[in-house]
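# Overview (structure and organization)
Single-letter residue listing:
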Amino acid sequence: MEIFSLRSSQSLLFKNNPNNAKNSKTADIHIETKAPAPVSFHIEDNPDEGPDFTAVSPGELRSYARQSFDSGVIDQNTYAAISEPLPMHAIDPLGNVIDLSSVTDGTSFNFLDYYKNQLQVAMSIGDPSEVQTLKSVVNFLDG
């Protein structure tokens, strides 16, 4: 197979001319188009069934939250809270430290339980704005 340079637009004009197309050395070159990349995550047509937020990766959760924000299902504060990266460590309602450093964008994680626990912690601390945001996140995830 021969490879020809396509630097000059004149060579393209030459090929496109019907009188010259038969004589062109590039007449046997075909450019294959690549198939479109598959969508990694999308909202199902049935709104009653959402993804399983007890086993979803952070990247999939952000993608779902973005689609829900764009369609008006969630507000900006809820979207911002979901889109934030997980901390390296968190505290559960019993005061134990949870190591989240192993959770990456491709790792499956139980976000529903995580946000429910964070809501309980926020309620015990008494930060009303954080409680309201976490309630809307839990309502969104609990569906």
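As the structure is a prediction and not an experimental result, all values here were calculated from the model.

### Overview of helix α4 (residues 111-125)
For an α-helix, the turn length of 3.6 residues means that residues three or four places apart are oriented alike. Taking 1.5 Å as the rise per residue, α4 with 15 residues should run 21 Å; its terminal C-alpha atoms sit 21 Å apart, in good agreement. What α4 keeps buried is the set Phe111, Leu112, Tyr114, Tyr115, Gln118, Leu119, Val121 and Ala122. Of the surrounding secondary structure, the elements contacted by the buried residues of α4 are α2 (58-70), α3 (76-83), β1 (89-91) and α5 (128-142). The residue sitting at the N-terminus of α4 and contributing the capping side-chain oxygen is asparagine 110; that oxygen lies 3.4 Å from the backbone nitrogen of leucine 112. Phi for glycine 126, located one or two positions after α4, is positive at around 95 degrees.

### Observations concerning α5
Over its 15 residues, α5 extends 21 Å from the first C-alpha to the last, a length consistent with the 21 Å expected when each residue adds 1.5 Å. Within α5, the full set of buried residues consists of Val131, Thr133, Leu134, Val137, Val138, Phe140 and Leu141. At its buried positions, α5 is contacted by α2, α3 and α4.

### Focus: the packing of aromatic side chains
Inspection of every chain in the model, using the stated rule, returns 8 aromatic pairs. Between phenylalanine 111 and tyrosine 115, the aromatic rings sit 6.3 Å apart at their centres with planes inclined by 20 degrees, giving stacked as the arrangement. Pair noted here: phenylalanine 111 and tyrosine 115 are both in helix α4, with a separation of 4 residues, about one helical turn. The residues phenylalanine 111 and tyrosine 115 share a single accessibility class, namely buried.

### As for the environment of leucine 61
Residue position: leucine 61 is located in helix α2. Taking the C-alpha atoms as reference, leucine 61 lies 8.0 Å from serine 83; in sequence the two are 22 residues apart.

Procedures and definitions
- Residues numbered from 1 in each chain as written.
- Predicted model: local features only at pLDDT ≥ 70, side-chain atom pairs only at ≥ 80, totals over all residues.
- Heavy atoms only, no water.
- Helix = DSSP H or I, 4+ residues; strand = E, 2+ residues; numbered from the N terminus.
- Expected span 1.5 Å × (residues − 1).
- Buried < 20%, exposed > 50% of the residue type's maximum accessible area, 1.4 Å probe, protein only.
- Contact = heavy atoms within 4.5 Å.
- Polar contact = N/O pair within 3.5 Å; in protein donor to acceptor, adjacent residues only side chain to side chain.
- Phe/Tyr/Trp six-rings, centres within 6.5 Å; stacked < 30°, edge-to-face > 60°.

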